[in-house]
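Here is how the chains run, residue by residue.
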Amino acid sequence: MKKWVVLLLLAVLIGNSYIQREQEGESAGRAYGEGDRSTITAAEANGGGRAIELTEAQTYGGSLILVNAAHPVREEGVLPDIVALAAHPELIEGYGLLEADTRLSAGVAERFRDMVDAAAEDGVTHFRISSGYRDEAEQRRMYEEKGAEYALPPGRSEHNTGLSLDVGSTLGEMGGLPEGQWLIRHAAEHGFILRYPKDKTEVTGIQYEPWHFRYVGLPHSLIMEENDLALEEYSAFLRKKGIIQSEANGERYEIQAVDVPGHATARVPADAEVELSGDNQGGVVITSRLQ
Ligand SMILES: [Zn+2]
């Protein structure tokens, strides 16, 4: 390449990054990574969109938080709508509970019930929840009784958030049964992921658990499935990309990962329906459903 071409390229690159910094300003939310600056965000295409303020507390809660040995659940990570399922007959229609005192987020239980309804239409009907939300004391007891091989320390388990549940079949071991097979094929369509797949044990640090499902919501579950990403990988993928756009179930979405060092401002399309979730790693993921 001729020297002047290289210099010209360099000037363009420096110019671009300078303009970008100018536009973002000091307090503006910075999308992670340099990833996709070629993407025009929906807010930009939309005449600037509207600003939303993000705070550190928001990085700890929501359906996309990463919880594992290195990323404990914070107070904000426990869903505020935890209920005893047996006290809400409308939430347990179509499936059983192994233990009468099973608790879960009411919102997650509703999505699970809808998923069970869809399975019933395919003739798969023997679902049972064997474990839902566990508070710290329960998790501690389990950890002390079963040991580190079988349970995570208190605050390090997804069961401590209300977002996860262990699903069984009343017919026996999940893995080979229609219930297990149906979930592997269809869970993502309903916002759930098999959190600890067989081929991701090195990424998750957890053995294969064909029973443990986690709610992450749409369109995230479908993107993860399509790209074969565990939650650890999806989180890193969003951080690297900064912004992605996707289509799921006929809807268009824009997903932005924003670093929130204490406080940040992000821009979203003015007319988009927006959902926020922390990633439990210092960032917030903004999911905008585009009109
Ligand atoms: Zn579990």
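These notes cover the structure that comes with them. (Residues numbered from 1 in each chain as written. Predicted model: local features only at pLDDT ≥ 70, side-chain atom pairs only at ≥ 80, totals over all residues. Heavy atoms only, no water.)

### Considering the coordination of the zinc ion
- Looking at the zinc ion, one finds its protein donor set to be His159 (NE2), Asp166 (OD) and His212 (ND1), positioned 2.0 to 2.1 Å from the metal centre.
- Site description for the zinc ion: donor spacing in sequence, H-x6-D-x45-H. Taken together, the residues Asp166 in strand E7 (residues 164–169) and His212 in strand E9 (residues 212–215) connect sequence positions 46 residues apart. Neither Asp166 nor His212 differs from the other in exposure class; each is buried. (Donors = N, O, S within 2.8 Å, 3.2 Å for Na, K, Ca; no water. Helix = DSSP H or I, 4+ residues; strand = E, 2+ residues; numbered from the N terminus. Buried < 20%, exposed > 50% of the residue type's maximum accessible area, 1.4 Å probe, protein only.)

### Observations concerning the sheet that holds strand E8 (residues 192–194)
- One open sheet holds the 5 strands; their spatial order is E4-E6-E7-E9-E8, and the pairing between them is mixed. Each edge of the open sheet carries a strand with a single partner, namely strand E4 (96–97) and E8.
- Bridge count for E7 against E9 is 3 bridges, and the pairing is antiparallel. Note on E9: the bridge partner recorded for Leu165 is Phe213.
- Relative to E8, helix H3 (residues 106–121) is tilted by about 75 degrees, and along the sheet it contacts strand E6 (127–131), E7, E8 and E9. (Pairing = 2+ DSSP bridges. Contact = heavy atoms within 4.5 Å. Axes fitted to C-alpha atoms, helices over the stretch in contact; angles between N-to-C directions.)

### A look at the pairing of strand E14 (residues 283–290)
- Burial within E14 is extensive, with 7 of its 8 residues counted as buried.
- As defined by bridge partners, strand E11 (residues 251–259) adjoins E14 across 8 bridges and the pair is classed as antiparallel. Looking across to E14, one finds that Ala257 is bridged to Val285.
- Here 6 bridges tie strand E13 (residues 273–278) to E14, and the two strands are oriented antiparallel to one another. Each residue of the ladder has a partner; that of Glu275, found in E14, is Thr287.

### As for the environment of His263
- Mapped onto the fold, His263 is located in strand E12 (residues 263–268).
- Owing to a relative accessible area of 39%, His263 belongs among the partly exposed residues under this scheme.
- With 205 residues separating them in the primary sequence, His263 and Gln58 have C-alpha atoms 9.7 Å apart.
- With residues up to four places along the chain from it excluded, the contact list for His263 reads Glu53 and Leu54.

### A few points about the side chain of Thr287
- Residue position: Thr287 is located in strand E14.
- Among the residues examined, Thr287 registers a relative accessible area of 7% and is labelled buried.
- There is a polar contact of 2.9 Å between the side chain of Thr287 and the side chain of His220.
- Those residues in contact with Thr287 that lie beyond four places of it in its chain are Pro219, His220, Tyr253, Glu254, Ile255, Glu273, Val274 and Glu275. (Polar contact = N/O pair within 3.5 Å; in protein donor to acceptor, adjacent residues only side chain to side chain.)

### Quick word on the nonpolar core
- The biggest cluster of nonpolar side chains holds 29 residues, and the ones touching the most others in it are Leu85, Phe112, Phe127, Val167, Leu183 and Phe192.
- Looking at this core, the elements that each hand over two or more residues are H3, E6, E7, helix H5 (178–186) and E9.
- It is H3 that provides the largest number of residues to this core, a total of 7 residues.
- If we skip the residues at most four places from it in the chain, Phe192 touches Val108, Arg111, Phe112, Met115, Leu165, Ala187, Phe213, Arg214, Tyr215 and Ser221.
- One finds Leu64, Val216, Ala257 and Val285 within the second-largest nonpolar core, a separate group that totals 14 residues. (Core = buried A, V, L, I, M, F, W, Y, C linked by side-chain atoms within 4.5 Å.)

### Observations regarding H3
- Here H3 spans 23 Å end to end across 16 residues, near enough to the 22 Å set by a 1.5 Å rise per residue.
- Looking at H3, one finds that the buried residues are Ala106, Val108, Ala109, Phe112, Arg113, Met115, Val116 and Ala119.
- The opening residue of H3, the one whose side-chain oxygen lies 3.2 Å from the backbone nitrogen of Gly107, is Ser105.
- Just downstream of H3, Gly123 is the residue with a positive phi angle, here 80 degrees. (Expected span 1.5 Å × (residues − 1).)

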